[in-house]
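Fold and geometry: a report
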Amino acid sequence: MSKKLFSMFLAVVLSMSLILCTGVASAQSATERPTVRVYIKWSEAQLPNWPALIDAYNADATNPVTIEANYFGSEGYDDKVKAELTSDDPPEIVQLMKTTFNDYAANGDLLELTDFIAQNGWDYNKGALAWAGPLNNPDNGVYGIPDFANTSCIFYNTKIFADLGLEVPTDVESLKAVAKTLNEKGYKAIVTGATNWCAADLLAKTQAQLVGSGLLVKAYNGEAKYNDPSMVQALQIVDDLVKANAIDPSSADYTDDDAIAEFVSGKAAMYSAHTGMATSIDSVAAGTDFSYNIIEKFNFVENPLSSVAVTWGSMWCIPKNVKNLDAAKAAMSFLWGETVAKNDVEQLGKIVNVEAWNAGLTHPVALTASKQLAGAGTADSFYLLDMVSSKVMDNLCKGIQEMIQGKVTPQQVLDNTQAIWEEESAQK
Amino acid sequence: MKRSIRQHRSTKWFLAFLTPALVVYTLFWILPILLTGIISLTDWKGTSRLATASFVGLKNFQNLFHDSILSTAVINNLLYGLVMIIAVPVMSFIVAYTIESFVHKKVFFRTVAYLPAILPGIVTVLLWKWIYNPSYGLLNQFLDLIGLDKWTTGWITNSDTALGAVTFTSIWKTVPVYFVLFMAGLQAVPQDLIEAAVLDGASRGQTILHVTLPSIRRVTTIVYTLVFIDTFRVFELVYAMTNGGPGYYNTEMILTYAYKTTFTNSNASYGMAISMVLIALIIVVAALQMKLGNRLADD
């Protein structure tokens, strides 16, 4: 009997303590700050200053939210985001690349941020915000915060140029002359990673100067063709540079890593990409006396429409069906506010889209790029070439790679791209 | 009466053992295939809720006939499959037969030959990407060394060599899987039959052709069927090694294209239509192959 009583007593005590614990836990959760999940396509190594900044933010009890940064490092990221954005409880902030951003913005999956930016008092570059929505964006809605500004550029090895007494080229003719000298001295002139996006980046450079953004916007809205004669002419400039060995044909076989390895090892004197790749060059060149810069002014055509093609790396967005909108906005205000942005400028050498926050730039590439941007950060100079679906972009890159291998002409490349585009539209 | 109770009991045991496997198989194989079939009849893009999708009938299947990239992928897959189906069983048999003929160190050679099969797919890809690299790759360095520097190239980034390079890697990875099956088959060949053939004056070639090979017909049928299925299931090797490139889809396979269409290009219903056709093709051809193989084996 006593055993029975004792066991009943024990059961009551355990139940009471369980109820008490639950009560304490729920009381605690009521006072806890909401957690904001941030999905980041990049790896932590690409934003090395963020963990400390976020930890400091989270440690300050006066801040309204706790930020949980998830660094995915590209692999599988798009699939993960796709699944999360169709769920009932999506992450509060997601990083989207251009092509996927367009799809989500066009589908109405993302929150419009014009008022949010105004409330924060951020003086964003109008050129960058001009393309912060779907391509068919009559209300000029802003559906994401565009991150760091890049310019499509040509890096050059300052030591090789100084040793050979070469002038930095400023147009196609001077580039061909420099390439000839470099080739004679056993150097490759320009290398690039033509097995991926660098291929399209070559066209973006000439297209921005020769064609501008108007034709592409029309093409995206079905009012013009991608294989327009002016686009073919822009790609013809690239093909001529390949035939003159100014762009080394070995680029057709290279990934970005291969091209950077050739550039940093001194086998190639120049590397074509965008300024965002300076971080990768620095990591490969760490511990060496390698010195480089970007060509500040280069005209692929006479009287270019834009001095340089400008792009942003990605968009930072809040899903429309997010559960805790205030928390998402609070975290966004911190992550894209002055403190973090200035730290990015100083620590990572990135150029942000609020001009006043760029005062701390010291990296030679960033300093030159900011000079380029000063004259070109407008909507017209924007790098729009890659705002197509992944399939069309992939086809364009593959075509340019085949062109560098000498297998197809510029006309065939763009005809093929247009055909794939039409085929895809019919499929959808 | 007793017999019927025994039968009833054995049926119960049969069901008890079968049910877990059947549940797993239904959940992870049958249901996804059914769901794939249903989605392939809609316009679901994969970027919105499935409930918002509309029924479009056979439109996605009609589009298959006007897809130029799919045609390239099918041709690539057939070329790849042809080489695999010729090379893999033959090489697997040669490796198995050679190792079985060894008197000493048989276990050691079996282990060495089997090593590529136990390497994870991604390790195989990294290893071969390094070998094929245009700047520092082992293959180019070797060609340089023997004076064939004109042949050096980016083996998986050159449009002319990429499919061959990927196929070679796949053979390297696949042969060890099947040589084990042949080895098991060879160990089951009655030794007295071989001895009788030798006593009758048959050469080694004649013994292989008229005694060994007919004795392992069933194994051969299984190997051919599995290699055939594998050729259409090729995915991670191509995806991680070349991602369907270089150039105009030179190594694109049906499954890599279906995956990209579904996930990367945000056209899920169409991607699933491609997968459905592939599943149907594999089921039909594999069934025919098994039937034909079994008939030959029975003969």
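Keep in mind it's a predicted model, so treat the numbers as computed, not measured. (Residues numbered from 1 in each chain as written. Chains lettered and ligands numbered in written order. Predicted model: local features only at pLDDT ≥ 70, side-chain atom pairs only at ≥ 80, totals over all residues.)

**Structural notes on the overall build of chain A**
For clarity, the threshold we go by: Numbering of helices and strands runs from the N terminus, with a helix taken as a DSSP run of H or I at least four residues long and a strand as a DSSP run of E at least two residues long. Residues with at least 20 other C-beta atoms within 10 Å of their own are called buried, those with 12 or fewer are called exposed, and the rest are partly exposed. The C-beta atoms themselves are positioned from the backbone. With C-beta atoms placed from the backbone, a contact is any residue pair whose C-beta atoms sit within 7 Å.
Counting its regular elements, chain A contains 18 helices and 10 strands. Seen through its C-alpha atoms, chain A measures out along the principal axes to roughly 100 × 55 × 45 Å. Within chain A, buried positions represent 46% of all 428 residues. Within chain A, contacts between residues separated by at least 24 positions form 79% of all contacts whose residues are at least 6 apart in sequence.

**Details of the environment of Leu47 of chain A**
Mapped onto the fold, Leu47 of chain A is located in the loop between strand E1 (35-40) and helix H2 (50-59). In this structure, the C-alpha to C-alpha distance between Leu47 of chain A and Asp344 of chain A, residues 297 residues apart in sequence, is 8.3 Å.

**Notes on the packing of helix H9 (residues 198-210) of chain A against helix H11 (residues 229-243) of chain A**
Residues and elements named next belong to chain A. Definition in use: To obtain an axis, a line is fitted to C-alpha atoms, over the contacting stretch when the element is a helix, and the angle between two such axes runs from 0 to 180 degrees between their N-to-C directions. Between 65 and 115 degrees an angle is taken as roughly perpendicular, under 35 as roughly parallel, over 145 as roughly antiparallel, and anywhere else as oblique. The hand of a helix crossing depends on one turn: near helix anticlockwise from the far one by less than a right angle means left-handed, and clockwise means right-handed. In this classification, Asp, Glu, Lys and Arg are treated as charged, Ala, Val, Leu, Ile, Met, Phe, Trp, Tyr, Cys and Pro as nonpolar, and every other residue, Gly included, as polar.
Between H9 and H11, the shortest axis-to-axis distance is 8 Å and the interhelical angle comes to 130 degrees. The orientation of H9 with respect to H11, classified from their angle, is oblique. In the packing of H9 onto H11, the handedness of the crossing is right-handed. Residue-level inspection shows Leu202, Leu203, Thr206, Gln207 and Leu210 of H9 in contact with H11, the latter providing Ser230, Met231, Gln233, Ala234, Leu235, Ile237 and Val238. Split by residue class, the contact of H9 with H11 holds eight nonpolar, four polar and no charged.

**Digging into the domain arrangement of chain A**
Residue and element names in this part refer to chain A. Stated formally: How far each domain reaches was decided by an automatic or database domain assignment.
Along its sequence, chain A is carved into domain 1 (33-148 + 312-375) and domain 2 (150-311 + 382-427). The C-alpha-based centres of domain 1 and domain 2 are spaced at 27 Å. Each side of the interface is counted separately: domain 1 has 23 residues, and domain 2 has 25 residues. In terms of residue count, the dominant contributor to the side of domain 1 that touches domain 2 is helix H16 (residues 364-374) (seven residues).

**Brief notes about the confidence of the model for chain A**
Threshold: The quantity called pLDDT is the predictor's confidence in a given residue, expressed from 0 to 100.
The predicted model of chain A has a mean per-residue pLDDT of 87, with 91% of residues at 70 or higher. Segment residues 24-30 of chain A is flagged for pLDDT under 50; beyond a separation of four residues in sequence, or across chains, it makes zero contacts in the model.

**Some remarks on the interface of chain B and chain A**
The interface of chain B with chain A comprises 26 residues on the first partner and 24 residues on the second. Partitioning the side of chain B that touches chain A into residue classes produces six nonpolar, 18 polar and two charged.

**Notes on unusual backbone geometry**
In this structure, Pro246 of chain B follows Gly245 of chain B across a cis peptide bond, with omega equal to 0 degrees. Here Pro246 of chain B shows up in the loop between helix H11 (236-241) and helix H12 (254-264). Even without glycine at this site, Asn140 of chain A takes up a positive phi of about 55 degrees. Residue placement: Asn140 of chain A occurs in the loop between helix H6 (126-130) and strand E4 (145-146). Judged by the 13 C-beta atoms lying within 10 Å of it, Asn140 of chain A falls in the partly exposed class. The backbone phi angle of Asn303 of chain A is positive, close to 45 degrees, even though this residue is not glycine. By the element assignment, Asn303 of chain A lies in the loop between strand E8 (292-294) and strand E9 (310-312). You can call Asn303 of chain A exposed: it has 7 C-beta atoms within 10 Å.

**Things to note about the sheet that holds strand E2 (residues 66-71) of chain A**
Residue and element names in this part refer to chain A. To keep things clear, this is the line we draw: Criterion used throughout: strands pair if DSSP finds at least two bridges between them.
The mixed open sheet is built from five strands, whose spatial order is E2-E1-E3-E10-E4. Since the sheet does not close on itself, it has two edges, and those belong to E2 and E4, each with one partner. Of the strand pairs in this sheet, E1 and E2 are connected by six bridges, and their pairing is parallel. When the sheet's bridge partners are listed, Tyr39 is paired in E2 with Asn70.

**Describing the environment of Leu213 of chain B**
Residues and elements named next belong to chain B. Its location among the elements puts Leu213 in helix H9 (residues 204-215). Judged by the 15 C-beta atoms lying within 10 Å of it, Leu213 falls in the partly exposed class. In sequence terms Leu213 and Val189 are 24 residues apart; their C-alpha atoms lie 9.3 Å from each other.

**A few points about the nonpolar core**
Residue and element names in this part refer to chain A. Note the threshold: Take the buried Ala, Val, Leu, Ile, Met, Phe, Trp, Tyr and Cys residues, join any whose C-beta atoms are within 7 Å, and the set you get is a nonpolar core.
Residues Val38, Ile93, Phe155, Tyr271, Ala331, Met332 and Ile400 are the most contacted members of the largest nonpolar core, which totals 119 residues. Mapped onto the domain boundaries, this core takes at least three residues apiece from domain 1 (33-148 + 312-375) and domain 2 (150-311 + 382-427). Discounting chain neighbours no more than four positions away, the residues touching Ile93 are Val36, Val38, Trp316, Ile318, Ala328, Ala331 and Met332.

**Quick look at helix H3 (residues 77-85) of chain A**
Residue and element names in this part refer to chain A. How we decide: Here, the arc refers to the directions that run from the helix axis to the C-beta atoms.
When we look at burial in H3, the residues that qualify are Tyr77, Val81, Lys82 and Leu85. Each buried residue of H3 sits inside an arc of 135 degrees when the element is viewed along its axis, so together they form one side. Against E1, strand E3 (93-96) and helix H4 (98-107) lie the buried residues of H3.

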